[in-house]
Amino acid sequence: MRILAIETSCDETAVALLEINGALEKPDIKILGNSLLSQIQLHEKYGGVYPNLAKREHEKNLPILLEQTLEEAGEDKESPNIDCIAVTAGPGLEPALWVGITVAETLGKKWNKPVIPVNHMAGHMFSVLYGTYEALVMPALALLVSGGHTELVYVKDFGDYEIIGKTRDDAVGEAFDKTARMLGLPYPGGPQISRLAQLSRERKEEDEIKLPRPMIHSKDLDFSFSGLKTAVLYKIKSENRSDSDSEFKEDMARAFEDAAIEVLVEKTRRALEKLDNIKTLIVAGGVAANLHLSQEIKKIVNEFPDISLRMPTKLLTTDNAIMIGIAAFIKIGIGSEILKNQIAIKARGNLSISPVQGL
Ligand code: KG4
Ligand code: ZN
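Residues numbered from 1 in each chain as written. Chains lettered and ligands numbered in written order. Predicted model: local features only at pLDDT ≥ 70, side-chain atom pairs only at ≥ 80, totals over all residues. Heavy atoms only, no water.

### Details of the site of ligand 1
This is how it is decided: Being near a molecule or strand, for a residue, comes down to having at least one heavy atom within 4 Å of it. Counting of polar contacts relies on pairs of N or O atoms within 3.5 Å, with two restrictions inside protein: one atom must be capable of donating a hydrogen and the other of accepting it, and residues adjacent in sequence are counted only when both atoms are side-chain atoms. A 1.4 Å probe and the Shrake-Rupley method give the accessible areas. Residues count as covered only by the protein chains that appear here. A run of DSSP states H or I qualifies as a helix once it reaches four residues; a run of E qualifies as a strand once it reaches two. Both are numbered from the N-terminal end. Any residue that is not Ala, Val, Leu, Ile, Met, Phe, Trp, Tyr, Cys, Pro, Asp, Glu, Lys or Arg is counted as polar, Gly included; the first ten are nonpolar and the last four charged. As annotated, the domain borders come from an automatic or database domain assignment.
Close to ligand 1 lie 18 residues, the nearest being H124, G147, D177, G286 and N290. The separation between an oxygen atom of ligand 1 and a polar side-chain atom of D177 is 2.7 Å. Contact with the protein chains covers 89% of the free accessible surface of ligand 1, which is 550 Å². Among the elements of the structure, helix 4 (120–126), helix 5 (172–182) and helix 6 (189–203) are those that each provide at least two residues to the shell around ligand 1. Split into classes, the residues belonging to the shell around ligand 1 amount to five nonpolar, 11 polar and two charged. Counting the residues that make up the shell around ligand 1, at least three belong to each of domain 1 (2–127 + 316–339) and domain 2 (138–312).

Below, the structure is given as C-alpha cells:
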C-alpha cells in the first residue's frame, strides 16, 4: 500500500510518501519520499506558535514540500502511484489543520483516491512501528508526551484505546517550553532545558533547588504541570539571581526536568502495575526525545521483565508526516467505519484518542 501523508497540525509542515505492507504489529515501512519544514525560527521570537502565522506558512510551503516529496520518490507529479492520502485532522491548531485537510481533499478529488483523516496522537503512538522488525505485542500502554498532550493510553489492541490518565492543565512539553522562557531560553524549550540540566549534572552530584512533584501521590493516573511552572517562577524570583548567572539557570533547568520526569515515570509505573497485563510500553511524542526521560523509563522497564519498551527513532520523535502515514495504515487495517463512507473531513482542534472518534 502506498500512502501520501500530510501533517500541518502545529509548526511543522511535513509530507511523506510511504510504501507499507505486512501485518499491523510488524509492518514493513519504506520511506519513498519525505520532506519537512520547521517554522521554529519564525515562532521563536514570539516564544510560542501563532496559529494564523502557522497557517500562512503551511499554505506557502505545503505545495513546495509535496513537489519535493514526489520528486524524491521518482513519482509523476500529475498522477503519482498512490493508493490513498492520509492527513492529520486533529488535535492541533485548527487554522493550521485546515491547510493540510484542504490540500488533501483537493488532491483526493483530482486523483480519485480516498482521503484518510488521522489523529495526530495516534501518529505519535504508532511512530514506534518504524525502524524495527520486532512485533508490537498487545496489550500496550502508551505514554504520549508532546507540546499539547500528556496522556497514558491503554492500548488493548489496534483500534481499541482508552485514555486512563491525562494532564489536568498544561502538557509536559508546554511546561518545558514555559520554563525555558522564564529562564530566557529560546523556543522550543525542551531541548534547551535538557541541555542545561545535563551541564548541572556534570558539574555536581546534588541539585540544591527542590521543586514539588505535582500529583505524584494522587490515586489516579492524571498529571498537572501548571503548579510546577509556577514553582519555577517563585524560585527564580526568590533567589533573585542575575539573568546572566548560567550556573543558576542550569540548576533550575535540572530541578524542573527532574521533577517533571519523575512524575511521568512514577505514574507510568503505577499504570503498569494497575493494568498488570501489559506487554509493550510505548513512549512517544516530542518529549520522548528527552534523554533523562528515556534513561528513567528504562530503569522501570527493567523492573517488569515481561514488558518491552518501544520508543520512536529520532527522525520520528517530533512532528512528521511518516507517523501520519503509519497511523493511516493501521486505521485501514482495522477497517475503521469512517473509511467506509467518505465524508468531508473537519479539522478538530481537540480530537482525542478513542475508538469512537476514529483513532
Ligand atoms: O510532538 P511535538 O513535536 O509537537 C506536538 O505535537 O506538540 O512536541 C513538541 C514538544 C515541545 O514542547 C518541545 O519543547 C518538546 O516537545 N521537546 C522536548 C525535547 N525535544 C522536544 N522536551 C523535552 N526534552 C527534549 N529533548
Ligand atoms: Zn506532535
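### Here's the deal with the coordination of the zinc ion (ligand 2)
As a reminder, the rule being used: With water excluded from the atoms, a metal site may look incomplete; its donors are any N, O or S atoms within 2.8 Å, or within 3.2 Å for Na, K and Ca. Burial classes follow relative accessibility: with a 1.4 Å probe on protein chains only, a residue under 20% of its type's maximum area counts as buried, one over 50% as exposed, and anything between as partly exposed.
Protein coordination at the zinc ion (ligand 2) comes from H120 (NE2), H124 (NE2) and D319 (OD), with a distance range of 2.0 to 2.1 Å. In the primary sequence, the donor residues of the zinc ion (ligand 2) line up as H-x3-H-x194-D. Within this pair, whereas H124 is found in helix 4, its partner D319 is found in the loop between strand 10 (308–310) and helix 10 (322–333), the two being separated by 195 residues in sequence. The same class applies to H124 and to D319, which are both buried.

### Notes on the UniProt feature "binding site: substrate" (unreviewed entry) in the protein
Heads up, the rule is: UniProt positions are given in the numbering used here, feature names are shortened, and annotations may be inferred rather than shown by experiment. The contact rule is simple, with two residues in contact once any of their heavy atoms fall within 4.5 Å.
On the UniProt side, "binding site: substrate" (unreviewed entry) is annotated at positions that read L144, V145, S146, G147, G148, D177, G190 and N290 here. For V145, the position within the fold is in strand 6 (residues 140–145). Residue classification places V145 among the buried positions, given a relative accessible area of 0%. Residues contacting V145, with those up to four places away along its chain left out, are T150, V172, L264, A284, G285, G286, V287, A288 and L293. Locating D177 in the fold gives a position in helix 5. Residues within four places of D177 in sequence aside, it is in contact with Y187, P188, G189 and G190.

### Examining the packing of aromatic side chains
The criterion, for reference: Working definition: a ring pair exists when centres of Phe, Tyr or Trp rings (six-membered ring for Trp) sit within 6.5 Å. Plane angles under 30 degrees give stacked, over 60 give edge-to-face, the rest tilted.
This structure, assessed with the given rule, holds four aromatic pairs. Ring geometry for F176 and F256: centres 4.9 Å apart, planes at 90°, overall edge-to-face. Residue F176 is located in helix 5, and its partner F256 is located in helix 8 (residues 246–275); the two are separated by 80 residues in the primary sequence. Neither F176 nor F256 differs from the other in exposure class; each is buried. On the numbers, 6.1 Å between centres and 15° between planes, the contact of F223 with F225 is stacked.

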